[in-house]
Amino acid sequence: MAIKNKNFKYVNYKWSDEFAQKIDPVERLVYRSNILGEDQRITNTGGGNTSSKIMMKDPLTGKDVEVLWVKGSGGDLRTSKKENFASLYQGSLIGLQNIYNNAEEKGAKTEIEDKMVEMYNHTIFNLNPRASSIDTPLHSFIPFKHVDHMHPDSVIAIAAAKNSKKITKEVFADEIGWVKWQRPGFDLGLILQEECRKHPKIKGLVLGQHGLINWANDDKECYELTLSIIEKAAEYIEAHNKGEQTFGGQKYKSLSEGKRFEILFEILPKLRGMISQKNKFIGTIQSDERILRFVNSNDAERLAELGTSCPDHFLRTKIKPLYVDWNPTKENLGALVIKLEEGLYKYREDYSAYYEECKHPDSPAIRDPNPTVILIPGLGMIAWGKNKSESRVTAEFYNNAVEVMRGAEAIDEYISLPRQEAFDIEYWKLEEAKLKRMPPEKEFAREVVLVIGAGSGIGKAVSHRVAKEGAHIVCADVNKESAEQTAKELTEIYGVGIGVSGTGISNCGAAIGLYANVTDRKSINEMFKNIILAYGGIDHIIITSGIFVPPDLEGKIPDDKWGLTYDINVTGPYLVADEAKRIWEEQGLKGSLTITTSVNAAVSKKGSVAYDTSKAAANHLVRELSIELSPIVRVNGLAPATVVEGSSMFPRDRVISSLKKYNIQFTEDEETGILRNKLAEFYAQRTLLKSPVTLNDQAEAAYVLASKRLNKTTGQIFSVDGGLHEAFLR
Ligand SMILES: [Zn+2]
């Protein structure tokens, strides 16, 4: 299939000779993998693999030896680096065929097949620690230097069509062969080897109900071949495009974007609660034209029930999504809730029945029976995962599934994998082992934490501290740029994860920055809307925002500043709690609210009447809210004292006025940092523990208060003040 021109319409051509010439053969493989993985139409996140057989010097003998470099287990082509590739002695891998052939019982899903995976460890070249994937024999046994195995929607559409073999021949003539569905493994490798022997002219194979594998002895040629096969499949599908009759035409109308978001905001907390009874889930919303065309269509219900096809997808999307037949223009929200409840009940029953029907005596225990993909006409798709990255992958895979169904239905009729085959992948012992090998989930991995005041000081430190425990952090601040800055810092540390999907704000990573003015209920409501659309729910709120208006020499502040002090320090946390109440109640999931008050609430003194009384009111607000929000939400107060370090509450003029007040020596030309240290040291000496109270001390306490470690504590004020006996509560 010679490349006539590089103007592909359905894939992006990205090869650069100039770049490829400068790098070594292994780097060329990484390069090829990255540019293939960058295009979602070529392969899905985490899906597919690539390989090159490269001559290298054997560290044992010093002689040249052929090494198979193949994408290892886990990882993703788009983001792969050299360390994501396994390297194995090609000769030894071929040698493994003897062991396999001598087994008494062999073939797909036999004991020897799974055992061969462990044997790959004996063929490792140069102590490379990357674990080999189950696709390794596919790459090794194809007698060509470079092999690409991709999951392109257009080719899977052909692979998942009822007359797949016939259509493959029609589209690709004798250049591309076809093999029927078989689970990847040693035996499939041998089948591919045999196909290459029987048909020496073919350049690739459509793997029935799975994907594409193709090869060449030159890496650039292999890359271009991959693209041209996908292009050809896409052209064929577009030639059969059904236009308005796609998916049997439209049954329901979409809602306007505003109305859609309004309903999603109403429904998502309840839905998250319904599916999170065993484990909490994080959501991703997809409501673009493509997904709406599917969920609104006449065929959506039938096709959704058939389930996804590419085996790569099952672990994320489950065997099928939950489709809810709700008429967005005729039925109301109440009807949707009832249909969701009924739908979920039936889904769980179906899932248990599928497990019981397909399980083997040694199958792993049944997993969470809730759907991970929910389709609602007029609204779109809601995908769920154990964290944001996973939920984005789930949504991405179902986007792929929809595109595969569109293609297959355009050219023929879509068929899914038989249930038993789907089960044998979902509950494959090797997959279970992979799940077990994963590091344990972090303490806040499934939690969404809102930090108000996250742009600076304690709020910023708290955001960093809780993010360290795996939380999704909504950084909110009245200074939006500073909130976004904190979110950016978190994203730089922890990454955005994988998975390409999500509409609007739902396309986000594990940290976002939002504007919030706690004195304005509308702004709080707007913030919650964004949070719900981004993650599907909320678990914890930590409020660190506050105001201290420096008094004049008589210790007074203007009357309007009294109002402002109470608005920010008392009414603000109340408004946040009041707006969050509905969300928490509808979710019905355990959560927490932490309000930052102050030790000043308990210590009477001269000069800061407004601030101190507002904090006393905030302490009592904690107690009242703990009653109001029980039993699902714990409410506690964090009472810091004199955190001077990095605090927006201690600008230079306040530091100086305090230094003067306490007769501490300083000169006007000293830097603010130095002045702050002087003040912090003075304060430290007044405490029982004699050391300055830091932002990190506050952050640690806020984290513990939100965590399950204190899950029997509510209505309490927790002082972090270095020990101020006059602030002891009694
Ligand atoms: Zn595959």
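Preceding block: the structure.
Note that the structure is a prediction, hence the values are computed from the model and not measured.

Trainee: Any chance you could explain the pattern of salt bridges here in plain terms?
Mentor: It is possible for side chains of opposite charge to pair when their charged atoms get near one another. All chains considered together, the criterion is met by 51 salt bridges. The salt bridge partner of Lys109 is Glu421, with a shortest N-O separation of 2.9 Å. One end of the pair, Lys109, is in the loop between α3 (90-101) and α4 (111-119); the other, Glu421, is in helix α16 (residues 419-426), with 312 residues separating them in the sequence. For Glu421, a relative accessible area of 18% translates into the label buried.

Trainee: Is there a simple way to explain the pairing of strand β8 (residues 282-286) in this structure?
Mentor: Look at any regular strand and the pattern is simple: side chains alternate between the two faces of the sheet. Counting buried positions along β8 yields 5 of 5 residues, so the element is predominantly enclosed. Residues of β8 alternate between two faces, with Ile282, Thr284 and Gln286 on one and Gly283 and Ile285 on the opposite face, all of them buried. One ladder, built from 5 bridges, connects β8 with strand β11 (residues 380-385); its direction is antiparallel. Residue pairing for β11: Gln286 is matched across the bridge by Met381.

Trainee: Looking at this structure, how should I read the environment of Glu681?
Mentor: On the secondary structure map, Glu681 appears in helix α24 (residues 672-685). Distance from Glu681 to Ser691, taken between C-alpha atoms, is 7.3 Å for residues 10 residues apart in sequence.

Trainee: Explanation requested: the coordination of the zinc ion in the structure shown.
Mentor: Reference values for angles at a metal are 109.5 degrees in the four-donor tetrahedral case and 90 or 180 degrees in the six-donor octahedral case. Protein coordination at the zinc ion: the donors are His149 (NE2), His151 (NE2) and His210 (NE2), at 2.1 Å from the metal. For the zinc ion, all donor residues lie on one chain, and their spacing in sequence is H-x1-H-x58-H. Separated by 59 residues along the polypeptide, His151 in the loop between β4 (146-150) and α6 (153-159) and His210 in the loop between β6 (204-207) and β7 (211-216) bring together distant segments of the chain. Each member of the pair, His151 as well as His210, is classed as buried.

Trainee: For this particular structure, what's the right way to read the side chain of Lys320?
Mentor: Looking at the secondary structure, you find Lys320 in the loop between α13 (314-317) and β9 (322-323). Looking at Lys320, the relative accessible area reads 11%, which means it is buried. A distance of 2.9 Å separates a polar atom in the side chain of Lys320 from a polar atom in the side chain of Glu305. Side chain to side chain, Lys320 and Asp350 meet in a polar contact 3.0 Å long. The residues touching Lys320, leaving out its near neighbours within four places in the chain, are Ala304, Glu305, Gly307, Tyr347 and Asp350.

Trainee: I'm lost on helix α21 (residues 559-587) in this one. Help?
Mentor: Side chains that are three or four residues apart share a direction in an α-helix, a result of its 3.6 residues per turn. Its 29 residues give α21 an end-to-end C-alpha distance of 41 Å, which sits within 8% of 42 Å, the value for a rise of 1.5 Å per residue. With its phi angle positive at about 65°, Gly588 sits one or two positions after the end of α21.

Trainee: Explain the packing of helix α23 (residues 652-661) against α24 to me, please; I cannot follow it from the model alone.
Mentor: Relative placement of two packed helices is described by the angle separating their axes and the distance separating the axes. Viewed as axis vectors pointing N to C, α23 and α24 meet at an angle of 45°, and their least axial separation amounts to 10 Å. Accordingly, the angle class assigned to the pair α23 and α24 is oblique. Considering how the two elements wind past one another, α23 and α24 form a crossing that is left-handed. Between α23 and α24, the contacting residues are Arg652, Val655, Ile656, Ser658 and Leu659 on the first element and Thr672, Leu675, Arg676, Lys678, Leu679 and Tyr683 on the second. For the contact of α23 with α24, the class distribution of residues is 6 nonpolar, 2 polar and 3 charged.

Trainee: What am I meant to see in the sheet that holds β9 here?
Mentor: Whether parallel or antiparallel, the strands of a sheet pair through hydrogen bonds between backbone atoms. Pairing in this open sheet of 4 strands is mixed, and the strands run β8-β11-β10-β9 from one edge to the other. Looking at strand neighbours, the two that pair on one side only are β8 and β9, the edges of this open sheet. In this sheet, β11 lies alongside strand β10 (residues 373-376) in antiparallel orientation, the contact comprising 4 bridges. Residue pairing across strands places Val373 opposite Ala383, the latter belonging to β11. Along the sheet, helix α10 (residues 257-275) contacts β8, β10 and β11; its crossing angle with β11, the most-contacted strand, is approximately 35°. The strands touched by helix α20 (residues 521-535) within the sheet are β8 and β11, with β8 carrying the most contacts at an inclination of about 90°.

Trainee: For this particular structure, what's the right way to read a nonpolar patch on the surface?
Mentor: On the surface, Leu688, Leu689 and Phe728 cluster together into a nonpolar patch covering about 330 Å² of accessible area. The topology assignment puts Leu689 in the loop between α24 and α25 (695-706). Accessibility expressed as a relative area gives 63% for Leu689, which makes it exposed.

Trainee: I'm lost on the packing of helix α2 (residues 25-37) against helix α9 (residues 219-239) in this one. Help?
Mentor: One can describe the packing of α2 onto α9 by two numbers: an axis separation of 11 Å at closest approach and a directional angle of 15°. By the angle class used here, α2 and α9 are roughly parallel. Between α2 and α9 lies a crossing whose hand is right-handed. For the pair α2 and α9, the contacting residues are Arg28, Arg32, Ile35 and Leu36 in the first and Asp219, Cys222, Tyr223, Thr226 and Leu227 in the second. Here the contact of α2 with α9 is composed, by residue class, of 5 nonpolar, 1 polar and 3 charged.

Trainee: Before we go on, may I ask you to explain the packing of aromatic side chains in this structure?
Mentor: With the rule as written, the count across this model stands at 22 aromatic pairs. For the ring pair Trp15 and Tyr223, a centre distance of 5.7 Å and an interplane angle of 40° mean the geometry is tilted. On the criterion of sequence distance, the pair formed by Trp15 in the segment before α1 (17-20) and Tyr223 in helix α9 is long-range, its members being 208 residues apart. Neither residue differs from the other here; Trp15 and Tyr223 are each classed as buried. Three or more aromatic residues joined by ring pairs form one cluster here, namely Phe8, Tyr13, Trp15, Phe19, Tyr31 and Tyr223. In this arrangement the basic side chain of Lys318 is found over the ring face of Tyr351, its NZ or CZ atom lying 5.1 Å from the centre. Geometry around Phe281 places Arg446 over its ring, the cationic atom sitting 5.4 Å from the centre.

So, how was this worked out
- Residues numbered from 1 in each chain as written.
- Predicted model: local features only at pLDDT ≥ 70, side-chain atom pairs only at ≥ 80, totals over all residues.
- Heavy atoms only, no water.
- Salt bridge = Lys/Arg side-chain N within 4 Å of Asp/Glu carboxyl O.
- Helix = DSSP H or I, 4+ residues; strand = E, 2+ residues; numbered from the N terminus.
- Buried < 20%, exposed > 50% of the residue type's maximum accessible area, 1.4 Å probe, protein only.
- Pairing = 2+ DSSP bridges.
- Donors = N, O, S within 2.8 Å, 3.2 Å for Na, K, Ca; no water.
- Polar contact = N/O pair within 3.5 Å; in protein donor to acceptor, adjacent residues only side chain to side chain.
- Contact = heavy atoms within 4.5 Å.
- Expected span 1.5 Å × (residues − 1).
- Axes fitted to C-alpha atoms, helices over the stretch in contact; angles between N-to-C directions.
- Parallel < 35°, antiparallel > 145°, perpendicular 65-115°, else oblique.
- Left-handed = near helix turned anticlockwise from the far one by under 90°.
- Nonpolar A, V, L, I, M, F, W, Y, C, P; charged D, E, K, R; others polar.
- Patch = residues over 30% accessible without salt bridge, like charges linked within 9 Å, V, L, I, M, F, W, Y side chains within 5 Å.
- Areas by Shrake-Rupley, 256 points an atom, 1.4 Å probe, with all protein chains shown as cover.
- Phe/Tyr/Trp six-rings, centres within 6.5 Å; stacked < 30°, edge-to-face > 60°.
- Lys NZ or Arg CZ within 6 Å of the ring centre and 35° of its normal.

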